[in-house]
Amino acid sequence: MGTGKIERSVALSAAERILTHISPALRQGVVAGSIRREKPVVGDIELVGLPSDRELLVRLLSDIGEAYVIKPGCPDIIPWAAKVDAKYVRLFNTALQCKVDIFLADEDNWGGLLMLRTGSGVDEKGSAFGGFSPGMLQRWKKISGGGCMKNAQLVLPNGRILPQSEESDIFSMLELEWIPPNLRTSQKVIKQFEKRSST
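Residues numbered from 1 in each chain as written. Predicted model: local features only at pLDDT ≥ 70, side-chain atom pairs only at ≥ 80, totals over all residues. Heavy atoms only, no water.

Participant: Any details on the environment of leucine 91? Residues and values, ideally.
Facilitator: On the secondary structure map, leucine 91 appears in strand E6 (residues 88–93). Classification of leucine 91 as buried rests on a relative accessible area of 0%. Put simply, leucine 91 and leucine 61 are 30 residues apart on the chain and 8.6 Å apart in space, counted from C-alpha to C-alpha. Apart from the residues within four sequence positions on either side, leucine 91 is in contact with Ile18, Leu61, Ile64, Ala67, Tyr68, Val69, Ile70, Cys98, Lys99, Val100 and Ile102. (Helix = DSSP H or I, 4+ residues; strand = E, 2+ residues; numbered from the N terminus. Buried < 20%, exposed > 50% of the residue type's maximum accessible area, 1.4 Å probe, protein only. Contact = heavy atoms within 4.5 Å.)

Participant: Please set out the layout of surface pockets residue by residue, giving values where relevant.
Facilitator: In this model, the second largest pocket occupies a volume close to 250 Å³. If you trace the second largest pocket, you find it lined by Gly135, Gln138, Arg139, Lys142, Ile143, Gln187, Ile190, Lys191 and Glu194. Taken together, the elements giving at least two residues each to the lining of the second largest pocket come down to helix H5 (132–144) and helix H7 (187–192). A total of 5 residues in the lining of the second largest pocket trace back to one element, the largest contributor, which is H5. Within the lining of the second largest pocket, the residues separate by chemical class into 2 nonpolar, 3 polar and 4 charged. (1 Å grid on protein atoms, 1.4 Å probe; cavity = no way out; pocket = protein on both sides within 12 Å on 5 of 7 lines; lining within 4 Å. Points joined across faces, edges and corners; volume = space filled by probe spheres on them. Nonpolar A, V, L, I, M, F, W, Y, C, P; charged D, E, K, R; others polar.)

Participant: Please set out the nonpolar core residue by residue, giving values where relevant.
Facilitator: In this structure, Ile22, Ile45, Leu47, Leu61, Val89, Leu91 and Ile102 are the most contacted members of the largest nonpolar core, which totals 28 residues. Of all the secondary structure elements, the ones that give two or more residues to this core are helix H1 (8–22), strand E2 (26–31), strand E4 (45–51), helix H3 (54–62), strand E5 (67–70), E6 and strand E7 (98–104). Looking at this core, the element that brings in the most residues is H1, giving 6 residues. When near neighbours in sequence (up to four residues on either side) are disregarded, isoleucine 45 contacts Ala11, Ala14, Ala15, Ile35, Leu96, Cys98, Lys99, Val100 and Asp101. Phe132, Met136, Ile179 and Phe193 belong to the second largest nonpolar core, which has 15 residues in total. (Core = buried A, V, L, I, M, F, W, Y, C linked by side-chain atoms within 4.5 Å.)

Participant: Now, about the sheet that holds E4: what can you tell me, with residues and values included?
Facilitator: Read across the open sheet, the 5 strands follow the order E2-E4-E7-E6-E5; overall the sheet is mixed. A single partner strand is all that each edge strand has here, and the edge strands are E2 and E5. Going from strand to strand, the sheet's axes swing by 30 degrees on average, the running direction of each strand aside. Sheet topology places E5 next to E6; 4 bridges connect them, and they run antiparallel. By the bridge assignment, isoleucine 70 is partnered in E6 with arginine 90. Those strands touched by H3 are E2, E4, E5, E6 and E7, and its axis lies near 175 degrees from that of E7. Where helix H4 (residues 110–118) meets the sheet, it contacts E2, E4 and E7, and its direction lies at approximately 175 degrees from that of E4. (Pairing = 2+ DSSP bridges. Axes fitted to C-alpha atoms, helices over the stretch in contact; angles between N-to-C directions.)

Participant: A description of the state of the cysteines should follow, citing residues and the corresponding values.
Facilitator: In a disulfide, the sulfur atoms of two cysteines are covalently bonded to one another. Under the criterion given, the structure shown has 0 disulfides. Here cysteine 98 is not cross-linked by a disulfide; its sulfur's nearest cysteine counterpart is in cysteine 74, at 16 Å. (Disulfide = S-S within 2.5 Å.)

Participant: I'd like to hear about the pattern of salt bridges, residue by residue, with values.
Facilitator: Enumeration according to the criterion identifies 7 salt bridges in this entry. Close ionic contact of arginine 36 with glutamate 167 constitutes a salt bridge, the shortest N to O distance being 2.9 Å. One end of the pair, arginine 36, is in helix H2 (residues 33–36); the other, glutamate 167, is in helix H6 (residues 167–173), and 131 residues separate them in sequence. By relative accessible area, arginine 36 is classed as buried at 17%. Using a relative accessible area of 4% as the deciding quantity, one classes glutamate 167 as buried. A salt bridge links glutamate 167 to arginine 184; the nearest nitrogen and oxygen atoms lie 2.9 Å apart. Highlighted residues: glutamate 167 in helix H6 and arginine 184 in the loop between H6 and H7, separated in sequence by 17 residues. Of the residues examined, arginine 184 reaches a relative accessible area of 0% and is grouped as buried. Salt bridges linked by common partners bring Arg36, Glu167 and Arg184 together as one network. (Salt bridge = Lys/Arg side-chain N within 4 Å of Asp/Glu carboxyl O.)

Take a look at the structure:
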């Protein structure tokens, strides 16, 4: 998606400027992706936001300055208008020549969306897909007896959707201690953070 050549500190600074610009329209916003995992060099910027005013958010995105809205899900750079009901908005940062994805949560899926959009880091072999996020979903399927994840929320086998208003909620439901983003490298890490029984 990105160039893979942006120093983390530079990308973080740009991400924080964008969050500050759109913050009047958000209840909360967090830098996610490889920046949150503390990867030294990144290729793009990912943000997770919980909107408080979607119409204001669209207006703020239209005059962001260092970036402009582009068509989501498209490899080309095509100018686009942000939609009020969008689940995510994609920008193009002109200074860094990289894409910026802003994933929009609601109160019940904030925790799950933040975990998913923080993603997996590279494992000890340097694999780009260390399997942390897939491992978390496999763990939920086993613990719940066949549940799944839908719209970034854990779902029980009977279809009941469980709210995760904080990222720590999803870890608790998976019977895990919260795992720092920079350690989310592989399925092996998940085992190391299993909650220990007090008996």
